[in-house]
Amino acid sequence: MLTILFDGIAYGMLLFVLACGLSVTLGLMNFVNLAHGAFAMAGGYITLILVNRAGLPFFAGLAIAFFVTALIGVVFERTLYVHVYGKSHLDQVLFTIGLVFMAVAAVDYVMGSQQVFIQIPSALQGRFEIFGVGVGRYRLLIIVVCGLLTLALQLILSSTRFGSRLRASVDDARVARGLGVNVNAVFTLTFAAGSGLAGLGGALGAEILGLDPTFPLKYMVYFLIVVTVGGTSSITGPFAASLLIGIADVAGKYYVPKFGAFVIYTIMIVLLILRPQGLFARAAGR
Amino acid sequence: MASALVAEVGRRLATRARWRPLEYAFWLAALASLFLVPGRHLILTEIAWLALFALSLDLILGYAGIISLGHAAFFGLGSYLAALLAKRGIINEPVLALVLSGVCAAVLGFATSFLVLRGSDLTRLMVTLGVALIMREIANQIPDITGGADGLQGVVIGPILGVFQFDIFGHVAYAYCLAVLFVLFLLARRVVYSPFGLSLRAVKGNPLRAASISISVNARLVAIYTFAAFYAGIAGALLAQTTAFASLDVFSFERSADLLLVLIIGGTGYLYGGLIGAVIFKLMQDWIANLTPQYWQFWIGLVLVLIVLIGRDRIGLWTGGVRVLAERVTRRLAPGAAPVPVPPGEGS
């Protein structure tokens, strides 16, 4: 029982790291980025190449995955995404679906279509017991890493100058511009960080979520659920939503395996109907 | 005064609804393809049901402005129902099974239409996607009925109207699909050019203003969503009947996404968009799949990205040009008819 809760929390934390970038881009630019999962996949494959083929240590691989994915994010944002901000949601959806299709086929071409695993150090494998609760070492690592990241994000957002600029831009981009905030630069940075986090999440999660070329399509729904349920005005909303979904999904798959997938979709639809603005969002002021 | 206005509006609607020469040409070409290219009937069959499916999406996206990423839910339901009805021997006659599948899809459409009334574009995307995923999961979880991941095999479709038996070359199948497409197209055309269709456009343009001139926005949206679901169900049933097979693939996200591409290629907001899009999409897919069988999705994705970057309006120009040409031809052939000005931005 507690093990399930523990696994659920690990899963939820992972989802949060994967999806928080998406929530900020959506909130900041009102941009529907269905290709977010592609960045996560990129991070996963970069780590795979570095660790399995080049023999780098696992943690170095994670760090490099973060920065490389962030860099890819900046390049894509500056060259492609920037043209699509002003367009309708339909255009944005089409555009990002197109990117996903391209990413899936390209990775399939380069890396093959089979599921792959990143070699994790033996110190992180296996599980041990605390007070009778089975704890997987790797899942504990995920919780620690993601917990630290969440804390760091919260601190950056709440008490740095960049954080307050970001919050101002999310609240009202026009007024923020009028007050001299360079919203575009804020956005590019945030996009990069969000992509990087997705890449990191993809690398960390390869062990649990699996990694194959269809990753962006398979988990797109989960990211979107986190964002729509959590709302886009803060990071605590998506965080709580991630935990909720992570625990519900793991528990659902464990207790009622036949209806495992229903649980998550049903939760999503019900929540969307009851709280279209997100579970924790305040009513939009605009 | 008011009656004069009513007469004027009626006259305008009638002028709009008049058949253009190019429309005759389009359907004559479709009819001719039945006899002239018998070797290509298999792909033409696919084009026909895809065109119907795209027409269905156009009804809600192009005319009512509802973005859907889960239109495959209705397509899949129709597909499975048609296959099941034939396999279990409940209804052996394809046309009757077709209508029943469509009606069941419409019931699902009606039930889920209330979910898309609320919220923003993003919420609608999520909810429609969620419905399709749930449908897929249901089909996956009841393998006794649906065959699960293996699909529904061993379906035997009876002869159409008890007379025409499906053949392996797809001649009958194509004629059947084309006939269904034509009949349903006529129906859609009637609906779109009716006052109801006009009110839908008003809702799409601005729901708030539409409501303030006493159009009941929600009722209209529910109606068109249900109607479109009926069409999607029929399209799915056509697929199942012509291939004698149904699999989980009919509910897949890729199917809904591809459908959006089909419609975007042809242009939204006019009935031929889905039809033309289906022709171009299938030919393109066929061509690319011959070049790179495994990676054709890459090129589909590239087309999507390029379409958006270039701008759908500019892509729409070529169809717009054709339509302007059509107007001119119409005027030359029927000099008495007043030209109906096409407002800029319409149909894109």
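Predicted model only: the values in this text are computed from it and were never measured.

**Student:** Any chance you could explain the overall build of chain B here in plain terms?
**Tutor:** The helix and strand inventory of chain B stands at 15 helices and zero strands. Each of the 348 residues in chain B was classed as buried or not, and the buried ones make up 44%. Restricting to contacts in chain B with at least 6 residues of sequence separation, those with at least 24 account for 78%.

**Student:** I would appreciate a short explanation of the overall build of chain A in the present structure.
**Tutor:** Broken down by element type, chain A carries eleven helices and two strands. The N-to-C order of helical and strand elements in chain A reads α-α-α-α-β-β-α-α-α-α-α-α-α. By the compact-globule yardstick of 19 Å for 286 residues, chain A fits well, its C-alpha radius of gyration being 19 Å. With the C-alpha coordinates of chain A rotated into their principal frame, the extents come out at 55 × 45 × 35 Å. Taken over 286 residues, chain A has a buried fraction of 49%. In chain A, once contacts between residues fewer than 6 apart in sequence are set aside, the share between residues at least 24 apart is 76%.

**Student:** Quick question: what am I supposed to make of the confidence of the model for chain B here?
**Tutor:** Predicted coordinates in regions of low pLDDT should not be interpreted in detail. All names here are of chain B. With 89% of its residues at a pLDDT of at least 70, chain B reaches an overall mean of 81. Averaged pLDDT values over the elements of chain B bottom out at 63 in helix 15 (residues 312–333) and peak at 90 in helix 11 (residues 217–243). Note on residues 335–348: pLDDT under 50 across the span, and 19 contacts to partners over four residues away in sequence or across chains. Interface scoring of the predicted complex returns ipTM 0.76; its pTM is 0.81.

**Student:** It is not clear to me how the interface of chain A and chain B should be interpreted in this structure. Could you clarify?
**Tutor:** By a widespread convention, an interface's size corresponds to the accessible area lost as its parts come together. Each partner contributes residues to the interface: chain A has 34 residues there, and chain B has 32 residues. Residue assignment for the side of chain A that touches chain B shows that the elements contributing at least two residues are helix 4 (89–111), helix 9 (215–230) and helix 11 (260–274) of chain A. It is helix 4 of chain A that contributes the most residues to the side of chain A that touches chain B, 17 residues altogether.

**Student:** Please explain the packing of helix 6 (residues 161–171) of chain A against helix 8 (residues 183–209) of chain A as it appears in this structure.
**Tutor:** How two helices sit against one another is set out by the angle between their axes and by the gap between those axes. Residues and elements named next belong to chain A. Here helix 6 crosses helix 8 at 110 degrees, and the two axes come no closer than 10 Å. Classified by the angle their axes make, helix 6 and helix 8 are roughly perpendicular. Along its contact with helix 6, which presents Arg165, Leu166 and Ser169, the element helix 8 presents Val183, Val186 and Thr190. Of the residues contributing to the contact of helix 6 with helix 8, the split by class is three nonpolar, two polar and one charged.

**Student:** Before we go on, may I ask you to explain the confidence of the model for chain A in this structure?
**Tutor:** Residues and elements named next belong to chain A. Predicted confidence across chain A gives a mean pLDDT of 80, with 91% of residues reaching 70 or more. The element-level mean pLDDT for chain A is lowest in strand 1 (residues 127–130), coming to 68, with helix 3 (residues 58–79) highest at 87. Contacts for the low-pLDDT stretch residues 282–286, under 50 throughout, to residues beyond four places or in other chains number three contacts.

**Student:** Would you mind showing me how to read helix 14 (residues 296–310) of chain B here?
**Tutor:** Structural remark: α-helix, 3.6 residues per turn; residues separated by three or four positions point the same way. Its 15 residues give helix 14 of chain B an end-to-end C-alpha distance of 21 Å, which sits within 8% of 21 Å, the value for a rise of 1.5 Å per residue. Of all the residues in helix 14 of chain B, the buried ones are Gln297, Phe298, Ile300, Gly301, Val303, Leu304, Val305 and Val308 of chain B. Lining the buried residues of helix 14 of chain B we find helix 4 of chain A together with helix 12 (253–266) of chain B.

**Student:** Hey, could you run me through unusual backbone geometry in this one?
**Tutor:** With glycine set apart, most residues show a phi of negative sign, and most peptide bonds adopt trans. All names here are of chain B. For Ser214, which is not glycine, the phi dihedral falls at a positive 55 degrees. Here Ser214 shows up in the loop between helix 10 (207–212) and helix 11. With a phi angle near 55 degrees, Ala244 is a residue other than glycine that sits in the positive phi range. If you trace the backbone, Ala244 turns up in the loop between helix 11 and helix 12.

**Student:** Explain the packing of helix 5 (residues 94–116) of chain B against helix 11 of chain B to me, please; I cannot follow it from the model alone.
**Tutor:** All names here are of chain B. Where helix 5 meets helix 11, the closest approach of the two axes is 6 Å, and the angle between their N-to-C directions is 140 degrees. Compared by their axis directions, helix 5 and helix 11 come out oblique. Classified by chirality, the crossing of helix 11 by helix 5 is right-handed. Within the contact of helix 5 with helix 11, the residues separate by chemical class into 20 nonpolar, seven polar and no charged.

**Student:** I keep staring at the environment of Ile160 of chain B and nothing clicks. Help me out?
**Tutor:** Residues and elements named next belong to chain B. Tracing the backbone through its elements, the reader meets Ile160 in the loop between helix 7 (143–146) and helix 8 (171–192). Sequence spacing of Ile160 and Leu96 is 64 residues, and the spatial spacing of their C-alpha atoms is 9.3 Å. Those residues within four positions of Ile160 in sequence are excluded, and the remaining contacts are Pro94, Val95, Val172 and Tyr176.

**Student:** Quick question: what am I supposed to make of the environment of Thr45 of chain B here?
**Tutor:** Residues and elements named next belong to chain B. Mapped onto the secondary structure, Thr45 falls in helix 3 (residues 41–61). Taking the C-beta count within 10 Å as the criterion, Thr45 has 24 such neighbours and is therefore assigned buried. For Thr45 and Ala289, which are 244 residues apart along the polypeptide, the C-alpha to C-alpha distance reads 18 Å. Those residues in contact with Thr45, other than ones at most four positions away along the chain, are Gly170, Ala173, Tyr174, Cys177 and Thr242.

**Student:** Looking at this structure, how should I read the environment of Arg12 of chain B?
**Tutor:** Mapped onto the elements of the fold, Arg12 of chain B is located in helix 1 (residues 2–17). You can call Arg12 of chain B partly exposed: it has 13 C-beta atoms within 10 Å.

The rules behind the values
- Residues numbered from 1 in each chain as written.
- Chains lettered and ligands numbered in written order.
- Predicted model: local features only at pLDDT ≥ 70, side-chain atom pairs only at ≥ 80, totals over all residues.
- Helix = DSSP H or I, 4+ residues; strand = E, 2+ residues; numbered from the N terminus.
- Buried ≥ 20, exposed ≤ 12 C-beta atoms within 10 Å, placed from the backbone.
- Contact = placed C-beta atoms within 7 Å.
- Rg over C-alpha atoms; globule rule 2.2 N^0.38 Å.
- pLDDT = per-residue confidence, 0-100.
- Axes fitted to C-alpha atoms, helices over the stretch in contact; angles between N-to-C directions.
- Parallel < 35°, antiparallel > 145°, perpendicular 65-115°, else oblique.
- Nonpolar A, V, L, I, M, F, W, Y, C, P; charged D, E, K, R; others polar.
- Expected span 1.5 Å × (residues − 1).
- Left-handed = near helix turned anticlockwise from the far one by under 90°.

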